[in-house]
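Residue strings, one per chain:
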Amino acid sequence: MVEDFKALHVLHEGPVLKVRLNSPETGNAVSGPLLDELLAVLDTVHGDPAIRVLILSAAGDDFCLGGDRSEFPGLLAAHSGGAGLHSLGNKARRMCDALASVHAVTIARLHGGVVGAGLGLAVFCDLRVGADDCRFRMPELGLGVPPAWGGVLSRLLSEAGAAQIRELMLTAENFDAARAAELSILHKVVPVEELDRTVERWTRPLLRRSPAALRTTKAMLNAYAGANRLADATFFDAELLTAAVSAAEAARQR
């Protein structure tokens, strides 16, 4: 079964669901409509225990070059007090929570630029393989906003460690696939032509595992890693992001 959204291409092949970001003309920017579509897909997966593996990939030269900042002025103009931005921030958090907690094993297939919110999408997946041409960056401070998208800072600290993420977040420097592997942001680095083969090597044994055992194992890993973040500080991420963007836009217009 093939299903096309505006920003996604979804292919359902038995127990495997392939989800491709499909706006290469924008660098697959993470927008409100994209988040809506991802939430709809993940809601379907949550309701279908027959889906065992979800593969997240992207069309074009880059996996994802970050959030769609062009939305911000319109949201501020349309909703007084930053309500639109707050809603967008909460939507990002809900999507990341859904991606982290879904019962299917999630695999990120990465290439090209993996920046900001794109890194957030990737790091909430269970397994991550990147082409050796991958370029990563956490640009938030350089753009004048805090790292408050979707609760990604909590996940990055859990996956890669506080000292390493502190350096990359404060400097906003680029890093390559080899460094991403050192940080455990990538589990494997391969030539771009080997990406699909690597994903297939992961997928085959996963489909042979007991569904109940896989679900339980994922729940245990999430619990120990703190992926269920209902009571942690990331609850305030939408407020922080709204305040920072609103202040930045006000300063720009003066």
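So, how was this worked out
Residues numbered from 1 in each chain as written. Predicted model: local features only at pLDDT ≥ 70, side-chain atom pairs only at ≥ 80, totals over all residues. Heavy atoms only, no water. Helix = DSSP H or I, 4+ residues; strand = E, 2+ residues; numbered from the N terminus. Contact = heavy atoms within 4.5 Å. Areas by Shrake-Rupley, 256 points an atom, 1.4 Å probe, with all protein chains shown as cover. Pairing = 2+ DSSP bridges. Expected span 1.5 Å × (residues − 1). Buried < 20%, exposed > 50% of the residue type's maximum accessible area, 1.4 Å probe, protein only. Arc of directions from axis to C-beta. Phe/Tyr/Trp six-rings, centres within 6.5 Å; stacked < 30°, edge-to-face > 60°. Right-handed = clockwise from strand over helix to strand, strands pointing away. Salt bridge = Lys/Arg side-chain N within 4 Å of Asp/Glu carboxyl O.

Tallying secondary structure elements over the protein chain gives 10 helices and 10 strands in all. Expressed as a percentage of contacts within the protein chain between residues at least 6 apart in sequence, the contacts between residues at least 24 apart total 73%. Only carbon and sulfur atoms are counted for the fraction: they give 56% of the accessible area of the protein chain, which is about 11700 Å².

Another point: the sheet that holds strand S8 (residues 135-137). Spatial strand order, S6-S8-S9: 3 strands in an open sheet with mixed pairing. Since the sheet does not close on itself, it has two edges, and those belong to strand S6 (113-115) and strand S9 (175-176), each with one partner. Judged from the 3 bridges that link them, S6 and S8 form a sheet pairing that is parallel. Of the residues in S8, the one forming a bridge with Gly 113 is Arg 135.

So, on to helix H9 (residues 211-225). Compared with an ideal rise of 1.5 Å per residue, which puts 15 residues at 21 Å, H9 spans 21 Å between its outermost C-alpha atoms and is within 8% of the ideal. When we look at burial in H9, the residues that qualify are Leu 214, Lys 218 and Asn 222. Along the long axis of H9, the arc covered by the buried residues comes to 65°, so they all point the same way. Across from the buried face of H9, at angles greater than 90 degrees, the exposed residues are Ala 223 and Tyr 224.

Another point: the packing of aromatic side chains. Scanning the model with the defined rule gives 1 aromatic pair in all. Both rings, one in Phe 136 and one in Phe 175, keep their centres 5.3 Å apart while their planes meet at 15°; by these two values the pair is stacked. Taken together, the residues Phe 136 in strand S8 and Phe 175 in strand S9 connect sequence positions 39 residues apart.

Before going further, it helps to examine the pairing of strand S3 (residues 16-21). Looking down a regular strand, the side chains alternate between one sheet face and the other. Here strand S2 (residues 8-13) runs beside S3; their pairing, made up of 6 bridges, is antiparallel. When the bridges of S3 are listed, Glu 13 appears paired with Val 16. Taking the residues between adjacent antiparallel strands as the criterion, S2 and S3 are bridged by 2 residues, where Gly 14 takes a positive phi near 60°. Once the chain exits S3 it traverses helix H1 (residues 32-46) before rejoining the sheet at strand S4 (residues 53-58), and the crossover so formed is right-handed.

Attention now goes to helix H5 (residues 152-160). Listed in full, the buried residues belonging to H5 are Val 152, Arg 155, Leu 156 and Ala 160. All buried residues of H5 fall inside an arc of 100° around its axis, so they share one side.

Attention now moves to the pattern of salt bridges. This structure, assessed with the given rule, holds 11 salt bridges. Ionic pairing is found between Arg 135 and Asp 62, a salt bridge with its closest N-O pair at 2.9 Å. With Arg 135 in strand S8 and Asp 62 in the loop between S4 and helix H2 (71-78), this residue pair connects regions lying 73 residues apart in the sequence. Of the residues examined, Arg 135 reaches a relative accessible area of 43% and is grouped as partly exposed. Residue Arg 204 pairs with Glu 200 through a salt bridge whose shortest N-O separation is 3.8 Å.

Once that is clear, we can look at the environment of Leu 168. Within the element layout of this structure, Leu 168 appears in helix H6 (residues 162-171). Classification of Leu 168 by relative accessible area gives buried; the value is 1%. Considering only alpha carbons, one finds Leu 168 and Arg 137, 31 residues apart in sequence, at a separation of 7.8 Å. What Leu 168 contacts, discounting residues up to four positions off in sequence, is Met 138, Glu 173, Phe 175, Arg 179 and Leu 183.

What follows is about the environment of Arg 215. Among the structural elements, Arg 215 can be located in helix H9. For the pair Arg 215 and Pro 49, spaced 166 residues apart in sequence, the C-alpha to C-alpha distance is 9.5 Å.

The phi angle at Asn 28 is positive, at roughly 55°, despite the residue not being glycine. Within the fold, Asn 28 resides in the loop between S3 and H1. Even without being glycine, Ser 184 reaches a positive phi, approximately 70°. Within the secondary structure, Ser 184 sits in the loop between helix H7 (177-182) and strand S10 (188-190). Its relative accessible area of 36% is what places Ser 184 among the partly exposed residues.

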